[in-house]
There are 4 protein chains.
Amino acid sequence: MMHLDPNHPKPIYEQIILNIKKEVLQGILLPGEKLPSVRTLAKDLSINPNTISKAYKELENQEVIISVKGKGSFVRNIEPENTRSVQDEKKLKQQLREWLVEAHYLQVPLKTIYQWIDEEAQENLHGN
Amino acid sequence: MMHLDPNHPKPIYEQIILNIKKEVLQGILLPGEKLPSVRTLAKDLSINPNTISKAYKELENQEVIISVKGKGSFVRNIEPENTRSVQDEKKLKQQLREWLVEAHYLQVPLKTIYQWIDEEAQENLHGN
Amino acid sequence: MMHLDPNHPKPIYEQIILNIKKEVLQGILLPGEKLPSVRTLAKDLSINPNTISKAYKELENQEVIISVKGKGSFVRNIEPENTRSVQDEKKLKQQLREWLVEAHYLQVPLKTIYQWIDEEAQENLHGN
Amino acid sequence: MMHLDPNHPKPIYEQIILNIKKEVLQGILLPGEKLPSVRTLAKDLSINPNTISKAYKELENQEVIISVKGKGSFVRNIEPENTRSVQDEKKLKQQLREWLVEAHYLQVPLKTIYQWIDEEAQENLHGN
DNA sequence: GTGGTCTAGACCACT
DNA sequence: GTGGTCTAGACCACC
């Protein structure tokens, strides 16, 4: 079950997006699988359906899922040719750069950073 | 000279904070050195002095600089005893976790991530 | 109701911060409880919303409350792990030192000081 | 020799006031003793004479010293009948109250507070 | 409705 | 001239 923190600084719909992406990565949600409907997920998480709707729309924009009128929303394949755009990469790198300034400022050693990444990578990718 | 993008998702005052932190890390701004005054920096960047003020105040909260009424704002020493708190570390790790989900989703290989970090580390820490 | 004195040497936004901290300590505001919105509190106290906003932001920095866009501001739990840092303690002690010089100069006996502290402690901590 | 910290949030003239009061309390400066002249003290501390002047004027207002034209400034007796006014006491108590809110919030135990006071009292009063 | 950011312009305290 | 506070009013993102 998805974990949401209403007191998180990140808006709820972004938390949902992140969670679903994570489940796809981890193979909990498989390509072609049907996602819960907007209304049922909203009920399960006891939040506003509009918020779920916004998350699903954004996931469709990012080509993670596909919504079919009258049928539901489904996980898309991660197509290898859907390789990241130059823009995506630039954005990611920029975000990393900003994070590193903070980390360096707080004197986190490089070794620790590598360790954190390895821990997380194992969880997300387990075998990919 | 500092580069600001008013259309960036990050608010201007945070861009300023990041820029100054980076300059401190890189040794462009040295401990004790005087920062440009609120008003002159505002004029140089053609933004409102209050925005600069907000950035400087936050930098003072984070103990990066110190502002003295009537005198100006100055870079503080990075005291080794000012080690990061448990909460700081938790926050950093959480941010990293979210970034990694994105990166994995876009299929950035671990190797590339390490490379990006090394590049940036060299720029920020040059030998530390 | 909160009491504010515009002619106080302490800025208004700091008076608000102190008041809210006190109410949290005294259990008037409970963890998770919603604070009045920036706008309504501003109207109630007949001051500018930006001033409230400044106070709330600082309270969020100090991890007393948490503000969520579109939802409101809420009292956080005081986590026992969020122990004070060395710097916090240093700052507190320095402030106390300066206060004591004044008190000694005005010949307040130690006994009276202890009495004042006990009175206040009872109000703030009521049994903790 | 007096210790001044130009990077302290407290204005320099207040630091001077506090220092002189402390020296009077500790018996380093005795009643009737001549203080250094504005100009020589300014030179010794390498700060602006106006700042010293402001401090001395305030000390005269608070009846700690007395300035005689053409002769210099001198430490006054702490006269027992110069007992603190009701106003002074109210102000002191108010300041203490605010400090205690912070201390309680940061979970400093009462015992620790007493300890801090005792340490400081010994330094300031040594035998009074 | 909520909080967050930014501008414009004012006044104050300190050096 | 310096930073700090406050007001007034605007626009944005989120729920």
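Refer to the preceding data block for the structure.
> Would you mind showing me how to read the relation of the copies chain C and chain B here?
A rotation about some axis, followed by a shift along it, carries one copy of the chain onto the other. Of the two same-sequence chains, chain C is brought onto chain B (RMSD 0.0 Å, axial shift 0.0 Å) by a rotation of 180°. Taken together, the rotation and translation describe the operation of a two-fold axis. Minimal C-alpha separation from the rotation axis in chain C is found for Ser85 of chain C, amounting to 3.7 Å. Looking at the interface residues of chain C, 100% of them are also at the interface in chain B, so both copies use one shared face.

> Would you mind showing me how to read the protein's contact with DNA strand F here?
Among the 28 residues in the neighbourhood of DNA strand F, the closest are listed as Val38 and Arg39 of chain B together with Ile12, Asn50 and Thr51 of chain C. Here, DNA strand F places atoms within 4 Å of the protein, and 65% of those atoms are sugar or phosphate. Here a phosphate oxygen of DNA strand F sits 3.3 Å away from a polar atom, N or O, in the side chain of Lys57 of chain B. Between DNA strand F and Gly70 of chain B, the relevant distance is 2.9 Å, taken from a base oxygen to a main-chain nitrogen or oxygen of the residue. Listed by contribution, the elements that provide at least two residues to the surface near DNA strand F are helix 1 (12-25) of chain A, helix 2 (38-45), helix 3 (49-61), strand 1 (65-68) and strand 2 (72-75) of chain B together with helix 1 (12-25) and helix 3 (49-61) of chain C.

> Help me understand the packing of helix 2 (residues 38-45) of chain A against helix 3 (residues 49-61) of chain A, please; the structure alone is not making it clear to me.
A pair of packed helices is captured by two measures, namely the crossing angle of their axes and the spacing between those axes. Residues and elements named next belong to chain A. Running from N to C, helix 2 and helix 3 point in directions that differ by 120°, and their axes come no closer than 8 Å. Judged on the interaxial angle alone, helix 3 and helix 2 are oblique. Considering only the axes of helix 2 and helix 3, their crossing is right-handed. Across the interface between the two elements, Val38, Leu41, Ala42 and Leu45 from helix 2 touch Pro49, Ile52, Ser53 and Tyr56 from helix 3. For the contact of helix 2 with helix 3, a count of residues per class yields seven nonpolar, one polar and no charged.

> How should the interface of chain B and chain A be read in this particular structure?
Quoted interface sizes are often the accessible area lost when the parts come together. Chain B puts 42 residues into the contact, and the matching count from chain A is 42 residues. Each partner contributes to the roughly 4500 Å² buried at the junction of chain B and chain A, and carbon and sulfur atoms together form 69% of this total. The tally of links from chain B across to chain A stands at seven salt bridges. Note that Lys21 of chain A is salt-bridged to Glu102 of chain B, the shortest N-O span being 2.6 Å. For the interface between chain B and chain A, the tally reads 12 residue pairs in polar contact (both at pLDDT 80 or more). Mapped onto the side of chain B that touches chain A, the elements with two or more residues apiece are helix 1 (12-25), helix 4 (86-105) and helix 5 (110-125) of chain B. Counting residues per element, the side of chain B that touches chain A draws most heavily on helix 4 of chain B, which supplies 16 residues. Across the side of chain B that touches chain A, the residue classes tally to 22 nonpolar, six polar and 14 charged.

Definitions and limits used
Residues numbered from 1 in each chain as written. Chains lettered and ligands numbered in written order. Predicted model: local features only at pLDDT ≥ 70, side-chain atom pairs only at ≥ 80, totals over all residues. Heavy atoms only, no water. Least-squares fit on C-alpha atoms with pLDDT ≥ 70 in both. Contact = heavy atoms within 4.5 Å. Near = heavy atom within 4 Å. Polar contact = N/O pair within 3.5 Å; in protein donor to acceptor, adjacent residues only side chain to side chain. Helix = DSSP H or I, 4+ residues; strand = E, 2+ residues; numbered from the N terminus. Axes fitted to C-alpha atoms, helices over the stretch in contact; angles between N-to-C directions. Parallel < 35°, antiparallel > 145°, perpendicular 65-115°, else oblique. Left-handed = near helix turned anticlockwise from the far one by under 90°. Nonpolar A, V, L, I, M, F, W, Y, C, P; charged D, E, K, R; others polar. Buried area = accessible area lost by both parts, 1.4 Å probe. Salt bridge = Lys/Arg side-chain N within 4 Å of Asp/Glu carboxyl O.

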